[in-house]
Amino acid sequence: MLTLIFIISLILTIILAVLIQNEISDGIFTIISFSVLVIVTIYTGVFLGLAITDISSSRSMRSINSKIEIYEEENAKIYSYLKETVEKYYKDEPSYNIFSTDTPEGCISILSDITELSNNDVVIIQSREYLSNKREILSLKEKKADLSTTKWLLYFGH
């Protein structure tokens, strides 16, 4: 829709410019119409250019979806490792509640509470990587939503 408005306003601007140049129509209405069309053409051209640049600079939807899947798979592996680590610790220390490892966040909070595990370098690295992946997934989902919105605005306007 935005592209159509841009093309129509560009054509009308050129027609009015030719009319004014050839002195066929030099009334105040023609001059005001020409000025408005120039503004509309510039506005839609700039917005269209920004929308196209945003879409081309962003990753395609498929690329974003595949990256999200990769991060989620990696987080599932990390979570299973961390859960296994906590469950091994529970065998030695039955005083902790095993049911709080049902969620990754619960598992990570238990790991930070248990001194022996929170000092383990591998556990620390895995926990940080899990949280980093989670932030990256959120960022990719935001880009995906922004890309969808930009595409909609490009095709249908606002």
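### Here's the deal with the overall build of the chain
So, step 1. Along its length, the chain carries 6 helices and 0 strands.
So, step 2. The buried share of the chain, taken over its 158 residues, is 25%.
So, step 3. In the chain, once contacts between residues fewer than 6 apart in sequence are set aside, the share between residues at least 24 apart is 69%.
So, step 4. For the chain, the accessible area works out to roughly 10600 Å², and carbon and sulfur atoms hold 63% of it.

### A closer look at the environment of Leu-82
So, step 1. Along the polypeptide, Leu-82 turns up in helix 3 (residues 61–92).
So, step 2. By relative accessible area, which is 2% here, Leu-82 ends up buried.
So, step 3. Spatially, the C-alpha atoms of Leu-82 and Val-123 are 7.0 Å apart, while their sequence positions differ by 41 residues.
So, step 4. If we skip the residues at most four places from it in the chain, Leu-82 touches Cys-107, Ile-108, Leu-111, Val-123, Gln-126 and Ser-127.

### Description of the side chain of Asn-75
So, step 1. Its location among the elements puts Asn-75 in helix 3.
So, step 2. Overall, the relative accessible area of 6% leaves Asn-75 in the buried class.
So, step 3. Once residues lying within four places of it in the same chain are set aside, the contact partners of Asn-75 are Glu-129, Tyr-130, Asn-133, Lys-134 and Ile-137.

### Let's talk about a nonpolar patch on the surface
So, step 1. A cluster of nonpolar side chains, contributed by Leu-4, Ile-7, Ile-8, Ile-11, Leu-12 and Ile-15, occupies part of the molecular surface with about 520 Å² of accessible area.
So, step 2. Tracing the chain through its elements places Ile-15 in helix 1 (residues 2–21).
So, step 3. When its relative accessible area of 44% is taken as the criterion, Ile-15 is described as partly exposed.

### Comments concerning the confidence of the model for the chain
Predicted coordinates in regions of low pLDDT should not be interpreted in detail.
So, step 1. Residues with a pLDDT of 70 or more make up 76% of the chain, whose mean pLDDT is 76.
So, step 2. Across the chain, the element-wise mean pLDDT spans from 70 in helix 5 (residues 115–118) up to 84 in helix 3.

### Notes on the side chain of Thr-85
So, step 1. Mapped onto the secondary structure, Thr-85 falls in helix 3.
So, step 2. Within the local environment of Thr-85, its side chain forms a polar contact with the backbone oxygen of Tyr-81, the two atoms lying 2.8 Å apart.

### Focus: the nonpolar core
So, step 1. Core analysis: the largest hydrophobic core is formed by 14 residues, its most contacted members being Leu-82, Val-86, Cys-107, Leu-111 and Leu-117.
So, step 2. When contributions to this core are tallied by element, the ones reaching two or more residues are helix 3, helix 4 (104–113) and helix 6 (121–156).
So, step 3. With 6 residues, the top contributor of residues to this core is helix 3.
So, step 4. With residues near it in sequence (within four places) discarded, Leu-117 still touches Thr-85, Val-86, Tyr-89, Leu-111 and Val-123.
So, step 5. Among the nonpolar cores identified, the runner-up in size contains 5 residues, and Ile-64, Ile-68, Ile-137 and Leu-140 belong to it.

### A closer look at the environment of Phe-47
So, step 1. Within the fold, Phe-47 resides in helix 2 (residues 28–57).
So, step 2. Sequence spacing of Phe-47 and Thr-3 is 44 residues, and the spatial spacing of their C-alpha atoms is 9.8 Å.

Criteria and thresholds
- Residues numbered from 1 in each chain as written.
- Predicted model: local features only at pLDDT ≥ 70, side-chain atom pairs only at ≥ 80, totals over all residues.
- Heavy atoms only, no water.
- Helix = DSSP H or I, 4+ residues; strand = E, 2+ residues; numbered from the N terminus.
- Buried < 20%, exposed > 50% of the residue type's maximum accessible area, 1.4 Å probe, protein only.
- Contact = heavy atoms within 4.5 Å.
- Areas by Shrake-Rupley, 256 points an atom, 1.4 Å probe, with all protein chains shown as cover.
- Patch = residues over 30% accessible without salt bridge, like charges linked within 9 Å, V, L, I, M, F, W, Y side chains within 5 Å.
- Salt bridge = Lys/Arg side-chain N within 4 Å of Asp/Glu carboxyl O.
- pLDDT = per-residue confidence, 0-100.
- Polar contact = N/O pair within 3.5 Å; in protein donor to acceptor, adjacent residues only side chain to side chain.
- Core = buried A, V, L, I, M, F, W, Y, C linked by side-chain atoms within 4.5 Å.

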